Amino acid sequence: MASWLPETLFEIVGQGPAPSKDYYQLLVTRFQSIQSQVIFRWWKISLRSEYRSAKPGETKETHEDFLEKSHLQVQIALVFGSKILDYVFNLCEGKFDFLERLSDSLLLNIISYLDLEDIARLSQTSRRFAKLCMSEELWEQIVRSSCDHITPDMRALAQDLGWRRMYFTNKLQLQRHLRKRKQRQGSQRKQSALDAHVPAAGK
């Protein structure tokens, strides 16, 4: 499963704590052919003449060396915070969140097989999963898997109500919604037909 991981496991940029205006970049890489690295770069931002020609700085460490070098750990904690430092530690120790790294389309397909209670719990774990669990794409998949056939009227109704709301609408209410929609369409067709005949009658 580790082969699914991209070469760049993590990247973040940010400005140093006040009063510093320096910019920093943190990269955590993973390569099959060469050693994986933690890369820390900085750009000096200053109006002082002695810093105008300063080149960007860079520090590179292997994952193993990073776990043992306290200086780089302190720098990362100061610029990006302790949570980012803990996350980088986990990456360097090989603790990857594979589920978070899957594409939205693949996650939606997996989530569609869960029970409703599990979907509700999953939606509370992160902002990304909350968005996926409330998405129309997910509930369209769930409705399609629970119905033998999706009629054109049902698809049109889903455009009005939304797939999630349609799923939680009981059969009696759904039939009422479909009947009202057909009546409304019938009235619109009749009105269109009348409008089409009005000019002809006036000639």
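Residues numbered from 1 in each chain as written. Predicted model: local features only at pLDDT ≥ 70, side-chain atom pairs only at ≥ 80, totals over all residues. Heavy atoms only, no water.

A. Region of interest: the overall build of the protein. From N to C terminus, the protein includes ten helices and four strands. The helix and strand sequence of the protein, counted from the amino end, reads β-β-β-β-α-α-α-α-α-α-α-α-α-α. Expressed as a percentage of its 203 residues, the buried residues of the protein come to 30%. Expressed as a percentage of contacts within the protein between residues at least 6 apart in sequence, the contacts between residues at least 24 apart total 44%. (Helix = DSSP H or I, 4+ residues; strand = E, 2+ residues; numbered from the N terminus. Buried < 20%, exposed > 50% of the residue type's maximum accessible area, 1.4 Å probe, protein only. Contact = heavy atoms within 4.5 Å.)

B. Seen up close, the packing of aromatic side chains. This structure, assessed with the given rule, holds seven aromatic pairs. Members of the aromatic cluster, each reached through a chain of ring pairs, are Y24, F40 and W42. (Phe/Tyr/Trp six-rings, centres within 6.5 Å; stacked < 30°, edge-to-face > 60°.)

C. Layout of the packing of helix 2 (residues 70-80) against helix 3 (residues 82-92). Where helix 2 meets helix 3, the axes come as close as 7 Å, and the angle between the chain directions of the two elements is 135 degrees. Considered as vectors, helix 2 and helix 3 are oriented oblique to each other. Two secondary-structure elements touch here, helix 2 through Q73, I76, A77 and F80 and helix 3 through S82, I84, L85 and F89. Per-class residue counts for the contact of helix 2 with helix 3 are six nonpolar, two polar and no charged. (Axes fitted to C-alpha atoms, helices over the stretch in contact; angles between N-to-C directions. Parallel < 35°, antiparallel > 145°, perpendicular 65-115°, else oblique. Nonpolar A, V, L, I, M, F, W, Y, C, P; charged D, E, K, R; others polar.)

D. Fine view of the side chain of S36. Turning to its location among the elements, S36 is positioned in the loop between strand 2 (23-29) and strand 3 (37-43). S36 gets classed as buried once you look at its relative accessible area, which sits at 16%. S36 has contacts with T29, R30, F31, E61, T62 and H63, leaving out every residue within four places of it along the chain.

E. Summary view of the pattern of salt bridges. Evaluated as defined, the whole model comprises eight salt bridges. Note that D104 and R128 form a salt bridge whose closest N and O atoms lie 2.7 Å from each other. Of this pair, D104 sits in helix 4 (residues 104-111) while R128 sits in helix 6 (residues 127-133); the two residues are 24 residues apart in sequence, bridging distant segments of the chain. On the basis of relative accessible area, D104 is assigned to the partly exposed category, the value being 39%. R128 gets classed as partly exposed once you look at its relative accessible area, which sits at 24%. Two residues, E140 and R144, come together in a salt bridge whose shortest N-O distance is 3.1 Å. In this pair, E140 and R144 both sit in helix 7 (residues 136-146), four residues apart, roughly one turn of the helix. (Salt bridge = Lys/Arg side-chain N within 4 Å of Asp/Glu carboxyl O.)

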